[in-house]
Amino acid sequence: MADQIPLCPVRGAAAAANRRRAAYYSVAGPGPGAERPGRYQLEDESAHLDEMPLMMSEEGFENDESDYHTLPRARITRRKRGLEWLVCGGWKLLCTSCCDWLIHICQRKRELKARTVWLGHPEKCEEKHPRNSIKNQKYNVFTFIPGVLYEQFKFFLNLYFLVVSCSQFVPALKIGYLYTYWAPLGFVLAVTIMREAIDEFRRFQRDKEVNSQLYSKLTIRGKVQVKSSDIQVGDLIIVEKNQRIPSDMVFLRTSEKAGSCFIRTDQLDGETDWKPKVAVSCTQRLPALGDLFSISAYVYAQKPQLDIHSFEGTFTRVGLLDLELNQLTKALFGALVALSVVMVTLQGFAGPWYRNLFRFLLLLSYIIPISLRVNLDMGKAAYGWMIMKDENIPGTVVRTSTIPEELGRLVYLLTDKTGTLTQNEMVFKRLHLGTVSYGADTMDEIQSHLRNPYSQMQPPAGGQAASTTPPRKAQSTAPKVRKSVSSRVHEAVKAIALCHNVTPVYEPRAGAPTEAEDAEADQDFSDGNRTYQAASPDEVALVQWTESVGLTLVSRDLASMQLRSPSGQLLTFSVLQTFPFTSESKRMGIIVRDESTAEITFYMKGADVAMASIVQYNDWLEEECGNMAREGLRTLVVAKRALTEEQYQDFESRYSQAKLSIHDRALKVAAVVESLEREMELLCLTGVEDQLQADVRPTLEMLRNAGIKIWMLTGDKLETATCIAKSSHLVSRTQDIHIFRPVTNRGEAHLELNAFRRKHDCALVISGDSLEVCLKFYEHELVELACQCPAVVCCRCSPTQKAHIVKLLQQHTGRRTCAIGDGGNDVSMIQMADCGIGIEGKEGRQAALAADFSIAQFKHVGRLLMVHGRSSYKRSAALGQFVMHRGLIISTMQAVFSSVFYFASVPLYQGFLMVGYATLYTMFPVFSLVLDQDVKPEMAMLYPELYKDLTKGRSLSFKTFLVWVLVSVYQGGILMYGALLLFESEFVHVVAISFTALILTELLMVALTVRTWHWLMVVAEVLSLGCYVASLAFLNEYFDVAFITSATFVWKVSAVTAVSCLPLYALKHLKRKLAPPSYSKLSS
């Protein structure tokens, strides 16, 4: 960012802290910095490409442009006009357009403009900026109650019961006590409001923790501590080592003399490597920090742009199970209306039939159970508690208590790479010299080879070389002789120790002065307090390995570096030129002069594809690179070339001249460098492993066996992403990998998609730029082809692209998606997915705070999905269906009762009987189904194929719903007709027999549904039955006490209950014998 913002000094320099974004930085030394890449721009192709068929040969694309057929989605249909257009959907379009216009007017944002920010003077800002605070809350004090009520009553179920309850205030429609309707509704709303209040308070606490982080603010009077949320645009902030940068900033000054520091952009692109940044030169040269106030300067910044800081996301999540139950509720409402109309019709529409119709709607309203929502919400809270109490996945936190059952229906898992699948900790694994290879168990041989050359060298006086006169000829002109293994090892290790951009950093001693000059003079160069910083973790791993074998990098600046040999000598080298690594060149180089011998050597290392044509002919490099890649190692080829003084002076003059060129500077500079990259001596091939998170491979295999397709979305390089996909077994060893070639226009995308379509059963690797081009022209085709792949790897993805990919999968497949990541750059993807999982790791807590679930390690995903996700979905499905059954059975009894007594709109049960039936008498046994399990957790982990059945949604479908409807109609009819058949004299006996049999039937049905008994289930059954028996003594208003204490009552109730339950048990037992479910074989 600092490179793009002009610094406009009136007498010096300026700084600014922009408003907080969702993304954070991390800094290795004081001072922030960031770069903002521009958005990828696409050029429009010619018009004939709009009618190009995707399945067309390359020859046809090049030669035969006249035979193109229009794609089906590109055909233009006849446009409807007039009234026909209005009736056939035009009214909907008009309403949508009007609503969009009103929303645009209400939510219209002010135009973003460039701004001028004065150094250290926030009060001089021309416009008001928002606070530098993070806010993840859904509501505030004024919107909490209205917002929660809206979220509840937008569901048809709750809205329906609100209307029913309000109707009881109309005397002509009143059919019972007010509390029989308002008490259940009030209880449901109270539970919901309490749950939302707890979730909202937790979000408030998490936001407060982040916004209260303290930072040092530089003022005219000195340093003051300010909260992160109190930082204003224009403030001068001092960022300490290893402290996260709280906002967009311009890097003005650092305690390091050269003005450089290392920052980490893990919250932007997920990469935890340290990137060097340089401060603004005019402010770095100021003698002291206080001088920043003595100059008058400002930053003129361009207006905010869409970049990798922005992300898409939603706060409110509604699970698929809730939507499915909402649809079933509408179906029940249709049945309710139909049954009420039938009743009124059989009455012959006598009298005020419309009033009778509404009374029947009220009498049969228990078809739609009001307790459904509260049971499901309480069940979800129970599932969340079980997840957080699971000792096998410690540290797991459920942050959204509304969608735990979503974990049981996932089809696509989109994961980040760095910090999620890998630890981003590189470990040196292999050194290959062509004829000999060294691994982790033979590193001691390298140490012994290194001791010989350096033990024969005598340290010069004073530890420094006295000679500065270069030799006339380099060693490269000497006759070639076969080198010994020791000399080859020595040259390879020396090249690795010199060819890099690593800087050793030393912590100051305890009690040492903190000022830069004093600290630098008093540094402790011991091994114990040395750390390495570099732009790539690979380079750090290489330098750490050379230290482990005896050749240690002890110091480095822009002009020189020092190595310490195994014998303790300090070897000084002058850095003459450095050629940094770029994604285009895929290599880096350095020219150094050995101060003891004045030898000049050009070292280079890079990817094998780039170095193969540079090094001298050999017959082993390609084969060994392939072998290491199959092991999941990241390979680097190391080579060198000795230069004479004349050769270097000639190169330096040409290089300097090329850098001063006005036209084609980059091409000329590259051409001069390439003049050195010829016939270089191949020294070695290195293999570095990016350590995977614990148990990543078995976890990915488990997810694949469960039918979950895994996509890896990363901001890392293509080569690195491909390597991790292999090492983590995201792509199996037997599968081919199709690397999507870079495309920039529609024609190239068309040809590459055709080439990809011809491949079968291969993993896809595609870059973010190519993905954007393909999605612009062939969105449907690309997603269709990618969904057929066993695995997909998207590299160089921005956070916005990650969220876009998730959205495309949801739209094109209709399947449930889960996103998992650990950095701020993953927040957009996590919040766009149906289920978001965050990992608390090295990249901070942003992903974990924004996710629905946060875990400590990637391996916990397996148990979270296979055990808790599967159980939550199956339990919620069973609970929802049983609550519906409880309402359907009593509504059926009411319908039978009314039809027998001349279709009278009179309630069968009144007052406390209805309230007790929905709460005290049946609630606990029904809710205890949240403890049921079909198989043990160990079995669910061992056989992940059980999870695959859930993705089809068969546990809660219209088929299972109809089965429960038929069961409810059968049992309701038996209970009512049985009671009418068996009662003798008084009508109150019908109520006693039918209601008691109803309670017993519900308790028995719960017992028949349970697959694994829990002691709390037994307690719930006994407690509910005991409560009902005890309450009979107080229900004189509804029951004849003398009758219910007689033996006649007992046998009649037993007979009716047995007829309603025994046939269903027999059918269930027969079905399990003839067509047992998949889990029954394991549980047996």
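Residues numbered from 1 in each chain as written. Predicted model: local features only at pLDDT ≥ 70, side-chain atom pairs only at ≥ 80, totals over all residues. Heavy atoms only, no water.

## Looking at the overall build of the protein chain
In terms of helices and strands, the protein chain carries 37 helices and 30 strands. The buried share of the protein chain, taken over its 1084 residues, is 53%. A fraction of 76% describes how many contacts in the protein chain between residues 6 or more apart in sequence connect residues 24 or more apart. About 50,600 Å² of surface is accessible on the protein chain, with carbon and sulfur atoms providing 58% of the total. (Helix = DSSP H or I, 4+ residues; strand = E, 2+ residues; numbered from the N terminus. Buried < 20%, exposed > 50% of the residue type's maximum accessible area, 1.4 Å probe, protein only. Contact = heavy atoms within 4.5 Å. Areas by Shrake-Rupley, 256 points an atom, 1.4 Å probe, with all protein chains shown as cover.)

## Topic: the UniProt feature "active site" (unreviewed entry) in the protein chain
The UniProt feature table records "active site" (unreviewed entry) at D416. Tracing the backbone through its elements, the reader meets D416 in the loop between β12 (410-415) and β13 (422-432). Its relative accessible area of 1% is what places D416 among the buried residues. Dropping the residues within four chain positions of it, D416 is found in contact with L421, L713, T714, K802, I820, G821, D822, D826 and M829. (UniProt positions renumbered as here; feature names shortened; annotations may be inferred.)

## Concerning the packing of aromatic side chains
Taken as a whole and judged by the stated rule, the model has 19 aromatic pairs. Ring plane angle 50 degrees and centroid distance 5.8 Å describe the contact between F169 and W182, whose orientation is recorded as tilted. Here F169 is found in the loop between α4 (156-167) and α5 (179-211), whereas its partner W182 is found in helix α5, with 13 residues between them in sequence. For F169, a relative accessible area of 52% gives the class exposed. Aromatic side chains F579 and F602 sit 5.9 Å apart centroid to centroid with 90 degrees between the ring planes, which places their arrangement in the edge-to-face category. Of this pair, F579 sits in strand β19 (residues 570-579) while F602 sits in strand β21 (residues 600-606), and the two are 23 residues apart along the sequence. Judged by its relative accessible area of 8%, F579 is buried. Here the aromatic cluster, defined as three or more aromatic residues joined through ring pairs, consists of Y909, F912, Y917, Y921, F995, Y1028 and F1039. Directly above the ring of Y778 sits R746, whose terminal nitrogen or CZ lies 5.1 Å from the centroid. (Phe/Tyr/Trp six-rings, centres within 6.5 Å; stacked < 30°, edge-to-face > 60°. Lys NZ or Arg CZ within 6 Å of the ring centre and 35° of its normal.)

## A few points about the sheet that holds strand β14 (residues 437-438)
Taken together, the nine strands give an open sheet; going across it, the order is β14-β13-β23-β22-β21-β20-β19-β18-β17, and neighbouring strands pair in antiparallel fashion. Strand pairing shows two members of the sheet lacking a second neighbour, β14 and β17 (552-556), which therefore form its edges. Where β13 lies against strand β23 (residues 681-692), seven bridges are found, and the strand directions are antiparallel. Looking at β23, one finds that T422 is bridged to L692. Against the sheet, helix α20 (residues 718-727) makes contact with β13, β22 (634-643) and β23, and its axis sits at roughly 60 degrees relative to β23, the strand it touches most. (Pairing = 2+ DSSP bridges. Axes fitted to C-alpha atoms, helices over the stretch in contact; angles between N-to-C directions.)

## Digging into the pattern of salt bridges
A full pass over the atoms with the stated rule returns 28 salt bridges. A salt bridge links R593 to E645; the shortest N-O distance between them is 3.0 Å. On the criterion of sequence distance, the pair formed by R593 in strand β20 (residues 587-594) and E645 in helix α17 (residues 645-659) is long-range, its members being 52 residues apart. Exposure class is identical for R593 and E645. Each is buried. The residue R1011 makes a salt bridge to D932 at a minimum N-O spacing of 3.2 Å. One end of the pair, R1011, is in the loop between α33 (987-1009) and α34 (1015-1031); the other, D932, is in the loop between α29 (923-927) and α30 (937-942), with 79 residues separating them in the sequence. Residue class for R1011 comes out partly exposed when judged on its relative accessible area of 32%. Among the charged side chains, a network of salt bridges with common partners joins K417, D538, R634 and D690. (Salt bridge = Lys/Arg side-chain N within 4 Å of Asp/Glu carboxyl O.)

## What to know about the packing of helix α23 (residues 779-787) against helix α24 (residues 799-813)
Helix-helix packing: each pair is described by the crossing angle between the helix axes and the interaxial distance. At a minimum axis separation of 11 Å, α23 and α24 run at an interaxial angle of 90 degrees. Considering the angle they form, α23 stands roughly perpendicular to α24. Across from E779, H780, V783 and C787 in α23, the residues of α24 making contact are L808, L809, H812 and T813. Tallied by class, the residues present in the contact of α23 with α24 amount to four nonpolar, three polar and one charged. (Parallel < 35°, antiparallel > 145°, perpendicular 65-115°, else oblique. Nonpolar A, V, L, I, M, F, W, Y, C, P; charged D, E, K, R; others polar.)

## Quick look at the nonpolar core
Grouped together as the largest cluster of nonpolar side chains are 52 residues, with contacts concentrated most on F161, L332, L336, I367, I368, F882 and M884. Ranked by residues supplied to this core, first place goes to helix α27 (residues 860-900) with eight residues. For L336, the residues in contact, after removing those within four places along its chain, are Y160, F360, L361, L364, S365, I367 and I368. Counting residues in each nonpolar core, the second largest holds 42 residues, with Y454, V502, A541 and V543 among its members. (Core = buried A, V, L, I, M, F, W, Y, C linked by side-chain atoms within 4.5 Å.)

## Describing the state of the cysteines
Counted by the stated rule, this structure contains zero disulfides. Here C787 stays free of any disulfide, with the sulfur of C789 as its closest cysteine sulfur at 8.6 Å. Take C787: its relative accessible area is 10%, and that puts it in the buried class. (Disulfide = S-S within 2.5 Å.)

## Concerning a nonpolar patch on the surface
On the surface, a cluster of nonpolar side chains totalling about 830 Å² of accessible area is made up of Y177, Y179, F912, L920, F924, W1015, L1016, V1019 and L1023. Looking at where L1023 falls in the secondary structure, it is placed in helix α34. Residue L1023 is classed as partly exposed on the basis of its relative accessible area of 43%. (Patch = residues over 30% accessible without salt bridge, like charges linked within 9 Å, V, L, I, M, F, W, Y side chains within 5 Å.)

## A closer look at the packing of α27 against helix α32 (residues 958-982)
With their axes 8 Å apart at the nearest point, α27 and α32 run at an angle of 40 degrees to one another. With respect to their mutual orientation, α27 and α32 come out oblique. Here the hand of the crossing between α27 and α32 comes out right-handed. Among the residues making up the contact of α27 with α32, the classes are represented as 17 nonpolar, eight polar and no charged. (Left-handed = near helix turned anticlockwise from the far one by under 90°.)

## Topic: α24
With 15 residues, α24 ought to run about 21 Å at 1.5 Å a step, and its terminal C-alpha atoms sit 21 Å apart, in line with that. Among the residues of α24, P799, Q801, K802, A803, I805, V806, L808 and L809 are the ones counted as buried. Among the residues trailing α24, G814 stands out with phi positive, at a value near 70 degrees. (Expected span 1.5 Å × (residues − 1).)

## Comments concerning the confidence of the model for the protein chain
Scored by pLDDT, the protein chain has a mean of 78; 81% of the residues are at 70 or more. The spread of mean pLDDT over the elements of the protein chain runs between helix α1 (residues 58-62), the lowest at 37, and β21, the highest at 94. Residue range residues 307-316 is modelled with pLDDT below 50. Its contacts to residues more than four positions away, or to other chains, number 29 contacts. Counting contacts from residues 512-523, a segment whose pLDDT is below 50, to residues more than four positions away or on other chains yields nine contacts. (pLDDT = per-residue confidence, 0-100.)

## Let's talk about the environment of T442
Topologically, T442 is positioned in the loop between β14 and α11 (443-456). T442 sits 12 residues away from R430 along the chain, and the two C-alpha atoms are 9.6 Å apart. Engagement of the side chain of T442 in a polar contact is seen with the backbone nitrogen of G439, the distance being 2.9 Å. (Polar contact = N/O pair within 3.5 Å; in protein donor to acceptor, adjacent residues only side chain to side chain.)

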